[in-house]
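Summary of the model geometry
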Amino acid sequence: MDTFDAALQKAKGLFDSACKKTDEVVNVGKLKFELSSAESKLEKAFCALGKAQYNVLKDKEDLEIEAKALVLDVNDKLSDVENLRNEITKLTGKGVCGECGAALTNGAAFCSSCGKKVK
Ligand SMILES: [Zn+2]
């Protein structure tokens, strides 16, 4: 019975540490999901800015004020993306490529995903 209890205790310990690891993985996974969502919002904001710019050029009226709001919106999304990348970097201890958002291998000089030079 004692050995059974000991085995049970050991199994519980392994389970607890596995759960802790899983929590970290889930947090990073959640952040990566948020990052890709933030990136797609950023794309949409850029797109909206592009359309507004087109309208400004097309028939110049009072669209410059609207364009300014769109620039601020892009800035907002850019900082969201930046913050999420930083948080992922903090949690994983690894850098994230500033170009494509892929996780960087420690000590790597170039991104293995897009080939951009790592600063
Ligand atoms: Zn990259």
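Quick caveat, the model's predicted, so the values are computed rather than measured. (Residues numbered from 1 in each chain as written. Predicted model: local features only at pLDDT ≥ 70, side-chain atom pairs only at ≥ 80, totals over all residues.)

**Considering the overall build of the protein**
For clarity, the threshold we go by: A helix here means a DSSP run of H or I that spans at least four residues, while a strand means a run of E at least two residues long, and both kinds are numbered starting from the N terminus. For every residue pair, C-beta atoms are placed from the backbone, and the pair is scored as a contact if these atoms sit within 7 Å.
Tallying secondary structure elements over the protein gives 2 helices and 0 strands in all. The long-range fraction of contacts in the protein, counting pairs at least 24 apart against all pairs at least 6 apart in sequence, stands at 40%.

**Re the environment of Glu34**
Note the threshold: Put plainly, a residue is buried at 20 or more neighbouring C-beta atoms within 10 Å of its own, exposed at 12 or fewer, and partly exposed in between, counting only other residues' C-beta atoms, which are placed from the backbone.
You can see Glu34 is positioned in helix H1 (residues 2-58). Judged by local crowding, Glu34 falls into the partly exposed class, with 16 C-beta atoms found within 10 Å. Along the chain, Glu34 and Arg85 lie 51 residues apart, while their C-alpha atoms are 9.8 Å from each other.

**Description of the nonpolar core**
Proteins that are soluble and globular tend to have nonpolar side chains buried together. Here is the rule we go by: Structurally, a nonpolar core is described as a collection of buried Ala, Val, Leu, Ile, Met, Phe, Trp, Tyr and Cys residues joined by way of C-beta atoms within 7 Å.
The biggest cluster of nonpolar side chains holds 8 residues, and these are Leu31, Leu35, Ala38, Leu84, Ile88, Val96, Leu104 and Cys111. Those elements that place two or more of their residues in this core are H1 and helix H2 (63-92). The element that contributes the greatest number of residues to this core is H1, accounting for 3 residues. With residues near it in sequence (within four places) discarded, Cys111 still touches Cys97, Glu99, Cys100, Ala102, Leu104, Lys116 and Val118.

**Points about the environment of Val96**
Looking at where Val96 falls in the secondary structure, it is placed in the segment after H2. Residues Val96 and Asn86 lie 10 residues apart in sequence; the distance between their C-alpha atoms is 7.9 Å. For Val96, the residues in contact, after removing those within four places along its chain, are Arg85, Ile88, Thr89, Gly101, Ala103 and Leu104.

Note that every value here comes from positions in space, so none of it alone points to a role or purpose.
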